[in-house]
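Residues per chain, in single letters:
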Amino acid sequence: MFSSFMINTWIAGTAIAFVAAFVGFFVVARRSAFAAHALPLGAFPGAAAANLMGINPLIGLLIFVGIGVFLLRQLVRMGRRDVGTGLVLVLFLGMGALLLSMTREYAPAVFSLLFGEVLGVSDADLLPILGICALVVMGISLYFRPLLLDSTFPDLAALQGIRAARMDLVFLTLLALVTATALPVVGAFLVFTLLVGPPAAAQALSGNPMRVLMLSVMLAEGCIWSAIVLSYWTNWPIGFFVGSIGAGLFTVARSYRHWNQR
Amino acid sequence: MSDPILSVAHLSVDLGGRSILRDVSFDLYPGQLCALIGENGAGKTTLLRSLLGLTAQRSGQVLIDGAPADQRRALVGYVPQKIALDPDIPLRTRDLVQLGLDGHRLGLPLFSGRKKALVDQALYAVGAEAFADQRVGELSGGQQQRAVIAHALVRQPRLLILDEPLANLDFGSANALVALLGTLTHIQHIAVLVTAHDMNPLLPVMDRLVYLVGGQAATGSVDEVVRPEVLGKLYGHPVTVLRHGRRILVLPDVAAEDAEACTAAHMSHPEKAD
């Protein structure tokens, strides 16, 4: 389990869970779960296209999430954030269908992009993953307070000169970066779980923002570590375990809060 | 008397081609509480937005401490009408108040004794110590108002603006809030501007009144403004002002010919008039 090729998985998984918890804190606080669902699913055709062209999937992913953020902001500016997000998602999935129809050997590659590939992290992948993770942690640390006020009390934030449009761009950019790094490891469906499950569970357990952030990180690490172990033992896809553990954490935390409040 | 903290002169605002405010003028001095009274659509929110420098005006002037409003935002504390009620918001009352102090700053929040003292002071000023460590989303409506007022007060503004703070509050909470506003105004010497539909709950603490009807305003003390001849001119039809003890009621007069028409309609179509 700790042989040399697994070490990369452990390092990448730990880094990804860390930044997913950081960004997920704001996904939940801003009620942007739909965007966090649409970006990874919309981005996976980017990896498929990169496979087709024989370039690094991370580059394809970064290009696709970049276009995704741009389109999201353009459509959202016209109003109706939910509709805009949904349309961008379907547009990208349609492109994915087109790209995949052009290649024959796609089945296993697509499967691992959707549901994750625990052994898929090579030495060459590791450095860009860690670099992007460091960038995301820096971004969140820098904008923590303005993002927090804008996410919870937008009126009060505007009064302090915090621009909602800029905060939205900062948030979506960080979300896009996490998406691009996490997708090849945990898969498109499960990026969402990692972004939403642990932070939502943490927010049910505490109201202190710094404590919520720390709890999110701890729960996300617990989630991905146990998923790696279970996936290694059972040979089942890591995505199955990330999904179940994420949903489980959320359910347990919400129930705890519910019973505590009675 | 010292200089006014807020000075509005001949302010007119158009929105989407419609005239929303016409020639509104009033001054507000430190230690005064001014009530901005008007019905829905009278222009209260537009006037507040102009004071905050958020709406472009067609003509006129808004000066805060002698300078244009958008240069003096730091002197103004604002309590918006709609307060979030999401119980999951990851903020305690004390976090919300602290964000009033440093929400615009970059970087992670570091512990600072000076900041904590300022936050505690603001929490104390609004009587929020008891729920300082509770989640904002779990507070009652009156407690949320106090939390947001503390958020506004923590930067020690000289002008505090509250948009409909009494809406959705029960009697007890509304009275307690009015008493708090009186304390802030008359003891801490802040200038306070409050909008409301009904002036009655504010009468005990009110120094000035801006009465808005259809974008035009009558301003002055209660006795100067709430008179049939002043309000009748504003409404464009005669009104009756009833005073009962310390309560005031403004009612439109039904003109004699209108009353006759009503009666006639009632006589000829009694079933419809029901």
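Residues numbered from 1 in each chain as written. Chains lettered and ligands numbered in written order. Predicted model: local features only at pLDDT ≥ 70, side-chain atom pairs only at ≥ 80, totals over all residues.

### Some remarks on the overall build of chain B
And step 1. Along the backbone of chain B there are nine helices and twelve strands.
And step 2. By its C-alpha atoms, chain B is 75 × 40 × 40 Å across when sized along the principal axes.
And step 3. The buried share among the 274 residues of chain B stands at 38%.
And step 4. Contacts spanning at least 24 positions in sequence make up 64% of the contacts within chain B whose residues lie at least 6 apart. (Helix = DSSP H or I, 4+ residues; strand = E, 2+ residues; numbered from the N terminus. Buried ≥ 20, exposed ≤ 12 C-beta atoms within 10 Å, placed from the backbone. Contact = placed C-beta atoms within 7 Å.)

### Brief notes about the environment of Phe5(A)
And step 1. Tracing the backbone through its elements, the reader meets Phe5(A) in helix α1 (residues 4-29).
And step 2. Linking Phe5(A) and Gly207(A), residues 202 residues apart in sequence, is a C-alpha distance of 40 Å.

### Some details on the interface of chain A and chain B
And step 1. In this assembly, 23 residues from chain A lie in contact with 21 residues from chain B.
And step 2. For the side of chain A that touches chain B, the elements supplying multiple residues, two or more each, are α6 (123-152), α7 (154-159) and α10 (209-234) of chain A.
And step 3. Element by element, the count of residues in the side of chain A that touches chain B is highest for α6(A), at nine residues.
And step 4. Looking at the side of chain A that touches chain B residue by residue, the classes come out as 14 nonpolar, seven polar and two charged. (Nonpolar A, V, L, I, M, F, W, Y, C, P; charged D, E, K, R; others polar.)

### Side note on the sheet that holds strand β9 (residues 208-213) of chain B
Residues and elements named next belong to chain B.
And step 1. The six strands are arranged β6-β7-β8-β3-β9-β10 in an open sheet whose pairing can be described as mixed. The open sheet terminates on both sides in strands that have one partner only, identified here as β6 (76-79) and β10 (216-220). Sheet twist, expressed as the mean angle between neighbouring strand axes with direction ignored, is 15°. (Pairing = 2+ DSSP bridges. Axes fitted to C-alpha atoms, helices over the stretch in contact; angles between N-to-C directions.)

### Observations regarding the pairing of β9(B)
Residue and element names in this part refer to chain B.
And step 1. Of all six residues making up β9, five are buried, and the element is well covered by its neighbours.
And step 2. Looking at chain direction, strand β3 (residues 33-37) and β9 are connected through four bridges and run parallel. The residue of β9 that forms the bridge with Ala-35 is Leu-209.
And step 3. Direction of pairing for β9 relative to β10: antiparallel, over a ladder of five bridges.

### A look at α10(A)
Three or four residues apart is the spacing at which side chains of an α-helix point the same way, because the helix has 3.6 residues per turn.
And step 1. Over its 26 residues, α10(A) extends 37 Å from the first C-alpha to the last, a length consistent with the 38 Å expected when each residue adds 1.5 Å.
And step 2. Of the residues flanking the end of α10(A), it is Asn235(A), one or two places downstream, whose phi is positive at about 70°. (Expected span 1.5 Å × (residues − 1).)

### Some details on the domain arrangement of chain B
All names here are of chain B.
And step 1. Domain boundaries in chain B define domain 1 (6-89 + 156-225) and domain 2 (227-274).
And step 2. Of the residues lining the interface, eight residues belong to domain 1; the matching set on domain 2 comes to seven residues.
And step 3. Of all the elements in the fold, those that place two or more residues in the side of domain 1 that touches domain 2 are β9 and β10.
And step 4. Taken together, the residues of the side of domain 1 that touches domain 2 break down into six nonpolar, two polar and no charged. (Domains from an automatic or database assignment.)

### Some points on the sheet that holds strand β5 (residues 67-68) of chain B
Where strands meet in a sheet, backbone hydrogen bonds hold them as pairs that are either parallel or antiparallel.
And step 1. On the basis of which strands lie adjacent, the open sheet formed by four strands has the order β2-β1-β4-β5 (chain B) and antiparallel pairing. For this open sheet the edge positions go to β2 (18-28) and β5 of chain B, each flanked by a neighbour on one side alone.

### A short note on the packing of helix α2 (residues 93-102) of chain B against helix α4 (residues 141-153) of chain B
Residue and element names in this part refer to chain B.
And step 1. Interaxial distance between α2 and α4 falls to 7 Å at its minimum, and their mutual angle equals 30°. When the axes of α2 and α4 are compared, the pair comes out roughly parallel. The interaxial crossing formed by α2 with α4 has right-handed handedness. Contacts between α2 and α4 involve Thr-93, Leu-96, Val-97, Leu-99 and Gly-100 from the former and Ala-147, Ala-150, His-151 and Ala-152 from the latter. (Parallel < 35°, antiparallel > 145°, perpendicular 65-115°, else oblique. Left-handed = near helix turned anticlockwise from the far one by under 90°.)

### Section: unusual backbone geometry
All names here are of chain B.
And step 1. The backbone of Asp-23 sits at a positive phi, close to 55°, despite the residue not being glycine.
And step 2. Residue position: Asp-23 is located in strand β2.
And step 3. You can call Asp-23 partly exposed: it has 13 C-beta atoms within 10 Å.
And step 4. With a phi close to 55°, Gln-156 is a non-glycine residue in the positive phi region.
And step 5. Considering the arrangement of structural elements, one finds Gln-156 in the loop between α4 and β7 (159-162).
And step 6. Taking the number of C-beta atoms within 10 Å as the measure of exposure, Gln-156 has 15 and is therefore partly exposed.

### Here's the deal with the nonpolar core
Residue and element names in this part refer to chain A.
And step 1. Ranked by internal contacts, the top residues of the largest apolar core, which has 166 residues, are Ala-20, Val-23, Leu-175 and Leu-194.
And step 2. Here this core takes 14 residues from α1, the largest share from any one element.
And step 3. Those residues within four positions of Ala-20 in sequence are excluded, and the remaining contacts are Val-178, Ala-182, Leu-194, Leu-195 and Ala-220. (Core = buried A, V, L, I, M, F, W, Y, C linked by C-beta atoms within 7 Å.)

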